[in-house]
Protein chains: 4
Amino acid sequence: MNSFGTLFRITTFGESHGVGIGVTIDGCPAGLPVTAETIQTALDRRRPGQSDLTTPRREADRVEVLSGLFEGQTTGTPIGLFIRNQDQASHDYSHIEHAYRPSHADYTYDAKYGRRDYRGGGRSSARETAARVAAGAVAAELLAHYGIKASSYVSQVGAVRVPVGYEELDLGLIESNTVRCPHPETAERMAELIRQTRDRHDTVGGIVTGVVRGVPAGLGEPVFDKLHADLGKAMLSINAVKGFEYGSGFDGTLLFGSEHNDAFYTDESGAVRTRTNHSGGIQGGISNGQDIYFRVAFKPVATILQPQTTINDQGEEITLAGKGRHDPCVLPRAVPIVDAMTNLVLADMLLRSRSSKL
Amino acid sequence: MNSFGTLFRITTFGESHGVGIGVTIDGCPAGLPVTAETIQTALDRRRPGQSDLTTPRREADRVEVLSGLFEGQTTGTPIGLFIRNQDQASHDYSHIEHAYRPSHADYTYDAKYGRRDYRGGGRSSARETAARVAAGAVAAELLAHYGIKASSYVSQVGAVRVPVGYEELDLGLIESNTVRCPHPETAERMAELIRQTRDRHDTVGGIVTGVVRGVPAGLGEPVFDKLHADLGKAMLSINAVKGFEYGSGFDGTLLFGSEHNDAFYTDESGAVRTRTNHSGGIQGGISNGQDIYFRVAFKPVATILQPQTTINDQGEEITLAGKGRHDPCVLPRAVPIVDAMTNLVLADMLLRSRSSKL
Amino acid sequence: MNSFGTLFRITTFGESHGVGIGVTIDGCPAGLPVTAETIQTALDRRRPGQSDLTTPRREADRVEVLSGLFEGQTTGTPIGLFIRNQDQASHDYSHIEHAYRPSHADYTYDAKYGRRDYRGGGRSSARETAARVAAGAVAAELLAHYGIKASSYVSQVGAVRVPVGYEELDLGLIESNTVRCPHPETAERMAELIRQTRDRHDTVGGIVTGVVRGVPAGLGEPVFDKLHADLGKAMLSINAVKGFEYGSGFDGTLLFGSEHNDAFYTDESGAVRTRTNHSGGIQGGISNGQDIYFRVAFKPVATILQPQTTINDQGEEITLAGKGRHDPCVLPRAVPIVDAMTNLVLADMLLRSRSSKL
Amino acid sequence: MNSFGTLFRITTFGESHGVGIGVTIDGCPAGLPVTAETIQTALDRRRPGQSDLTTPRREADRVEVLSGLFEGQTTGTPIGLFIRNQDQASHDYSHIEHAYRPSHADYTYDAKYGRRDYRGGGRSSARETAARVAAGAVAAELLAHYGIKASSYVSQVGAVRVPVGYEELDLGLIESNTVRCPHPETAERMAELIRQTRDRHDTVGGIVTGVVRGVPAGLGEPVFDKLHADLGKAMLSINAVKGFEYGSGFDGTLLFGSEHNDAFYTDESGAVRTRTNHSGGIQGGISNGQDIYFRVAFKPVATILQPQTTINDQGEEITLAGKGRHDPCVLPRAVPIVDAMTNLVLADMLLRSRSSKL
């Protein structure tokens, strides 16, 4: 289904080349200050056409609030949001109506549904994530009310990596450049790689690192809905994501238990802390009060402006070249999407934790 | 909550040192041949005490079928399974009643619930996965009915890796050694590393690779419940898992789009296939008929038989050493758990796909 | 939450005096012929201002299709529908901003949420049912594809009752009068009672009888989600409904088992049938292939154009009189809502039944 | 599926003639005092063989706690309960293996699943409700912690009715007789009718009235999961239930709005109250702090000890007579089941209400 979350639950709808993209947010507590501007600000971070590193497609992406807000606050009723697609002129889609674009979802949608909206990616388009970002903005307000803040940034593009961990970065610098990498020298090298890739009509992937601060101990559900399991699902549900790891992640497989374990201690303020944080702020699926951090792998996007060999829906070999204006690298625009999904997961867990005790 | 799946849904219950571990399986179609033996065989693969590489704890882990099977078949009603804990003698747990073991869930459970069953890991113990393996055995039968088969194996222990991809391995060899690695020379080196680690009273992590063959095109739900997102959540919900990647995974971030895209072609039988499989058998969250493969990172388990510094529930520093019989490396026993979770996800998606079309 | 259904699931949003009322329909199979006209036709049945028996408020209630339909068919992706509220001029709501209207939800919403959209009923308004009717039209198409048809009608207004059972009525006459009662003489008496009530500035309740034909044996889930339990919940979720009974209902409590049991027989065509149908077409929560029938009790609506004593949100006694244009009797307009909820329940059960067997 | 509830969720399993009946309770907050005795006491109220009015079948119905309780309290983890069936000796079921008993679920289960456990009702047996009663006992403890108490009683058997409303009864008398009717003279007449019916080898239906006191204003969800809609579904999911009404119910259809509306006032203590309670304590689906009351119609049970004509699974006409020991009237034993379902709904709504506000 097209819903995400248990108590803070969103349902998205809409296609890339239809009327627009929408979302309902069900379960947000009443009394939270939220306005259309709160949501628009988040959407503006995701919007195409922000810099020369992203698609030059310019879309205003104006959110319309359809329900759920009254006198500047949430009312506890579902919040309906809608973002109309611009530029719905009748284009010619005949070149892709019957084509299966490589590494797109054309073939699999046909296999599943027996038909598809061939005017673009339809529901499989990353345009659907606009709805998530809009909903995530509401979740972020809820978390802010409780002192929780998620920040993510681009930590790798192709083989260009930030050479230090998140603890050594000033996350206030994320928006200081168009790559959304808070390590300025690396950001420049990433930008250069993206430009070169764009000029070769190719695409490049990379990694977004997520960090959440201010999470109290006790969020997350044991067994299946572990905090990191829901975060992982959330991230893997973003277009082009191929992997997720948290805390020590895949590298942690190389450590011995005696090296990996995080020793508890009590700090001067009396708070429980750990001397290392290989656990990534989560133990047994439940937050332990330390920073939560994770990494999300994005493949290079499939739409390249080069001719490729593929087949059509009759199984015949054809040659296809991407047209139009596309992102050579989705990483900079993926940052607000990772933030949104992080916020949605934590808002849900925050509400769920309210029934842990009498 | 303690449930997993939408249409093929399991709910597990029970603690490591309580009466036992159980599971209900709701939504399994009627008419599937399943007996207690089907389930017992799967449980025997996960059981402790199988070799010198795993904990010498010997537990019979006999499954009792409480409901849902009649005359050797499923009836469509919920299947209740229960595995009694052995050896519930009244042990002395006073050394851990108030201690927060490093990198265990003692502290986070206390934070969440205000109390915990301190006689062991309780619900956070890997013993809970016995219930998943039992349920997964039923899911495997359902998949087998439709020609789908999941196989996973240990592909890395510490820094010892299988040097080739899954396509070059004979997956029939997985059970040929106690490590459950189908590359015999590597299996021996892994076994040696595990023995050395055990003798040092330490633990070691590694990677399990999962492979699913025979999946028809069209399984998986778009947007949030993408096939790989649900697989990722399933794997991340297993104890000690720190990361998940599918297809090209994290390494795929280093490729350009022109290298990463999987070209479609029609094979001699008329079937749609792709020349490469960086997509890992999933495009847009829906299976495309190629092999599904993924990798799951396991940290070294937290229980080590060495003294460690930590705190108690009064925040006072204490020293603690693991006692008893524990696995120096969970990887060999993790294989049937990865299989089980894979089967549960695919069984659910198989049923869900039945409402895609008229 | 604001969702209904498991596999054919709707989520409604919007308030009576906000931007409008919307709904997303998730899980409708692909390939079903549906257009905006399909939905508009259903909405027109519910629209106010159809006759002198209903509120003279005239609202166009035009549906806008936001997503999910392409080339005249469903695509399997969520169908987004929106109906803008007319006449959102800035009215003066000061007389009710702080008042708790008798038998309305003003007080309970304040108790639950700490605030409410006081410009009308908000989410508690029957206007929300427009979204259900829109969604129900899609469900009706799905059912029609499989030969299932729900028809409901007004069987009682105040003390005026249809003197015969549904089997003796021509359900084709439901739309032949403005009361939606297929027994013309009774319809006239009902209309007269409604007009008298309206002229006294009062309101009157009544009963809607629902009938579903063409349901194959085997729909419904045992135990909790019994077909009649889900139907009952669906009906009880409609504004002003106070009771639900199916088959022999409350009167069945007066029969002995030997009178109440429905004897099976095989008819000339070889079909299994029952000689009586006290079961109302449902046994053990599962349809048995006979007609399903039930009755739904509606109270007289709370808004009366007479002065009433009540309190404000400071607990002070005040006098309040309903203003504006309201229905003296909701029964005629309730018929399409009962149809919609019936269709939603059956569409969901139809899809759920697909996983009963291999 | 076999689950009920959103946050306080139960899943039942087991068949009438299998190993036993079980339930898992997921989502109960930690720290609630609950022991096996708490549950056993509730089960004892439902047990067969309590008096000459119910089946003389004697079953101990001993509950076994499988998980979730530790040191006399809930731990927040799922509570597993199991009640073994007694007397599982190999009976001869050949007379019903192929028969479709009138007004039972034999035919519909076969239609749905293609097979059934023919040794009795299987899942469709009222024996399944033992699991609900066990779970309801835990819910009752949670409610008691917050001052909420549900009481139900037999208000009608056949045509014998309690002549006054619940407000005029002493609900402390419910257990003072075997009928569970707190109006002693009526109870005697009911008992007499039940004995006469039993002696005629027939069965008789009736009505249970439910009352809930101490519910704070604000419980219930608007729109679909209205408090009375969930109560209605809960009651309709009980075996043999044919109808549900709350507050003024079906009789309320005969009142005019000016008679039906409940005027608010502030009592001497400053509490908001209503002068009448036609609303049954619920307005807009949300509790208003007044007593909640409702009525549940039970048909005469289908198993009668008389020969009946029916068909077998080949469609051939056969004659069948009930054997064994059955209840001539389920009403007395239905009381604890109605209580259990009431408690389950309210416990769920109590937890859900925790996310209504910041």
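Residues numbered from 1 in each chain as written. Chains lettered and ligands numbered in written order. Predicted model: local features only at pLDDT ≥ 70, side-chain atom pairs only at ≥ 80, totals over all residues. Heavy atoms only, no water.

Caption draft 1: Molecular detail of the environment of A:Gly289. All names here are of chain A. Structurally, Gly289 is set in the loop between β16 (286-287) and β17 (292-298). Gly289 gets classed as partly exposed once you look at its relative accessible area, which sits at 36%. In sequence terms Gly289 and Gly218 are 71 residues apart; their C-alpha atoms lie 7.9 Å from each other. The residues touching Gly289, leaving out its near neighbours within four places in the chain, are Val215, Pro216, Ala217 and Gly281. (Helix = DSSP H or I, 4+ residues; strand = E, 2+ residues; numbered from the N terminus. Buried < 20%, exposed > 50% of the residue type's maximum accessible area, 1.4 Å probe, protein only. Contact = heavy atoms within 4.5 Å.)

Caption draft 2: Up close: the UniProt feature "binding site: FMN" (unreviewed entry) in chain A. In the numbering used here, UniProt assigns the "binding site: FMN" (unreviewed entry) feature to A:Arg123, A:Ser124, A:Ser125, A:Asn239, A:Ala240, A:Gly284, A:Lys299, A:Pro300, A:Val301, A:Ala302, A:Thr303 and A:Arg325. Across 203 residues of sequence, these annotated residues are also dispersed in space, with a maximum C-alpha separation of 44.6 Å. You can see A:Arg123 is positioned in the loop between α3 (106-113) and α4 (129-145). Classification of A:Arg123 as buried rests on a relative accessible area of 4%. Apart from residues no more than four positions distant in its own chain, A:Arg123 is found in contact with A:Asn2, A:Thr12, A:Phe13, A:Gly14, A:Glu15, A:Tyr109, A:Glu128, B:Val223, C:Thr77 and C:Pro78. Reaching out from A:Arg123, the side chain makes a polar contact with the side chain of A:Asn2 at a distance of 2.9 Å. Among residues more than four places away in sequence, those in contact with A:Thr303 are A:His104, A:Thr203 and A:His326. There is a polar contact of 3.0 Å between the side chain of A:Thr303 and the side chain of A:His104. (UniProt positions renumbered as here; feature names shortened; annotations may be inferred. Polar contact = N/O pair within 3.5 Å; in protein donor to acceptor, adjacent residues only side chain to side chain.)

Caption draft 3: How the structure looks around the sheet that holds strand β18 (residues 307-312) of chain C. Judged by pairing direction, the sheet is antiparallel, and its three strands sit side by side in the order β8-β18-β19 (chain C) without closing on themselves. Two strands in the sheet have a free side with no partner beyond their single neighbour: β8 (99-100) and β19 (317-321) of chain C. (Pairing = 2+ DSSP bridges.)

Caption draft 4: Local environment of the pairing of strand β9 (residues 149-157) of chain A. Residues and elements named next belong to chain A. The buried fraction of β9 amounts to eight of the nine residues, a majority that puts the element mostly inside the structure. Bridging between β9 and strand β11 (residues 206-213) involves eight bridges; their strand directions are antiparallel. When the bridges of β11 are listed, Tyr153 appears paired with Thr209. Relative to strand β10 (residues 160-161), β9 runs antiparallel, the two being bridged by two bridges. Bridging across to β10, Gln156 finds its partner in Arg161. Where β9 folds back on β10, the antiparallel hairpin that results is connected by two residues, among which Gly158 adopts a positive phi of roughly 55 degrees.

Caption draft 5: Structural context of the packing of helix α6 (residues 227-236) of chain A against helix α8 (residues 331-352) of chain A. Residues and elements named next belong to chain A. Interaxial distance between α6 and α8 falls to 9 Å at its minimum, and their mutual angle equals 145 degrees. Crossing geometry of α6 relative to α8 is assigned as right-handed. Within the contact between the two elements, α6 uses Leu227, Asp230, Leu231, Ala234 and Met235 and α8 uses Val338, Met341, Thr342, Val345, Leu346, Met349 and Arg352. (Axes fitted to C-alpha atoms, helices over the stretch in contact; angles between N-to-C directions. Left-handed = near helix turned anticlockwise from the far one by under 90°.)

Caption draft 6: Geometry of the interface of chain C and chain D. At the junction of the two partners, chain C supplies 105 residues and chain D supplies 105 residues. The contact between chain C and chain D buries some 7900 Å² in all, and 59% of this surface belongs to carbon and sulfur atoms. Counting the surface chain C buries against chain D, the share from its top three residues, C:Lys112, C:Phe224 and C:Lys242, is 12%. At the junction of chain C with chain D, the criterion picks out six salt bridges. A salt bridge links C:Lys233 to D:Asp230, with the nearest nitrogen and oxygen atoms 2.7 Å apart. Summed over the shared surface of chain C and chain D, the number is 41 residue pairs in polar contact (both at pLDDT 80 or more). Tallied by class, the residues present in the side of chain C that touches chain D amount to 40 nonpolar, 43 polar and 22 charged. (Buried area = accessible area lost by both parts, 1.4 Å probe. Salt bridge = Lys/Arg side-chain N within 4 Å of Asp/Glu carboxyl O. Nonpolar A, V, L, I, M, F, W, Y, C, P; charged D, E, K, R; others polar.)

Caption draft 7: Up close: the state of the cysteines. For the structure shown, the criterion picks out zero disulfides over all chains. Free cysteine D:Cys181: the closest other cysteine sulfur is in D:Cys329, separated by 11 Å. (Disulfide = S-S within 2.5 Å.)

Caption draft 8: Region of the structure containing the interface of chain B and chain A. Residue-level contacts link 105 residues of chain B with 105 residues of chain A. For the pair chain B and chain A, the summed buried area comes to about 7900 Å², and 59% of that belongs to carbon and sulfur atoms. In terms of surface lost to chain A, no three residues of chain B exceed B:Lys112, B:Phe224 and B:Lys242, which account for 11% of the buried area on that side. Seen at the junction of chain B and chain A, the total is six salt bridges. For the salt bridge of A:Lys112 with B:Glu221, the shortest nitrogen-to-oxygen distance reads 3.1 Å. Counting the contacts that link chain B with chain A gives 42 residue pairs in polar contact (both at pLDDT 80 or more).

Caption draft 9: Representation of the relation of the copies chain B and chain A in the model. For the match of chain B to chain A, the screw axis carries a shift of 0.0 Å, the RMSD comes to 0.0 Å, and the turn is 180 degrees. Taken together, the rotation angle and the small translation identify this as a two-fold axis. Interface residue correspondence from chain B to chain A reaches 100%, placing this contact among same-surface, isologous pairings. (Least-squares fit on C-alpha atoms with pLDDT ≥ 70 in both.)

Caption draft 10: Seen up close, the pattern of salt bridges. Inspection of the entire model under this criterion finds 95 salt bridges over all chains. One salt bridge connects A:Arg352 with A:Asp348, and the closest N-O pair in it is separated by 3.9 Å. Here A:Arg352 pairs with A:Asp348, and both are found in helix α8, just four residues apart, close to one helical turn. Taking the relative accessible area as the measure of exposure, A:Asp348 reaches 4% and is therefore buried. Among the ionic pairs, B:Glu175 bridges to B:Arg180, the shortest N-O distance being 2.8 Å. A relative accessible area of 44% means that B:Glu175 is categorised as partly exposed.

Caption draft 11: Representation of the relation of the copies chain C and chain D in the model. Laying chain C over chain D is done by rotating through 180 degrees and shifting 0.0 Å along the axis; what remains is an RMSD of 0.0 Å. By residue overlap, the copies meet face to face through one surface: 100% of the interface positions of chain C are interface positions in chain D.

Caption draft 12: Representation of helix α1 (residues 36-46) of chain D in the model. Residue and element names in this part refer to chain D. Restricting attention to buried positions, one finds in α1 the residues Ile39, Gln40, Ala42, Leu43 and Arg46. Down the axis of α1, the buried set is contained in an arc of 165 degrees. They therefore lie on one face. Exposed side of α1, more than 90 degrees from the buried face: Glu37 and Thr41 are the residues found there. (Arc of directions from axis to C-beta.)

Caption draft 13: Broad picture of the UniProt feature "binding site: NADP(+)" (unreviewed entry) in chain A. Residues and elements named next belong to chain A. UniProt records the feature "binding site: NADP(+)" (unreviewed entry) for Arg46 in the present numbering. Along the chain, the position of Arg46 falls in helix α1 (residues 36-46). The exposure class assigned to Arg46 is buried, which follows from its relative accessible area of 3%. Among residues more than four places away in sequence, those in contact with Arg46 are Asp61, Ala126, Arg127, Thr129, Ala130, Val133, Arg333, Pro336 and Ile337. Reaching out from Arg46, the side chain makes a polar contact with the side chain of Thr129 at a distance of 3.0 Å.

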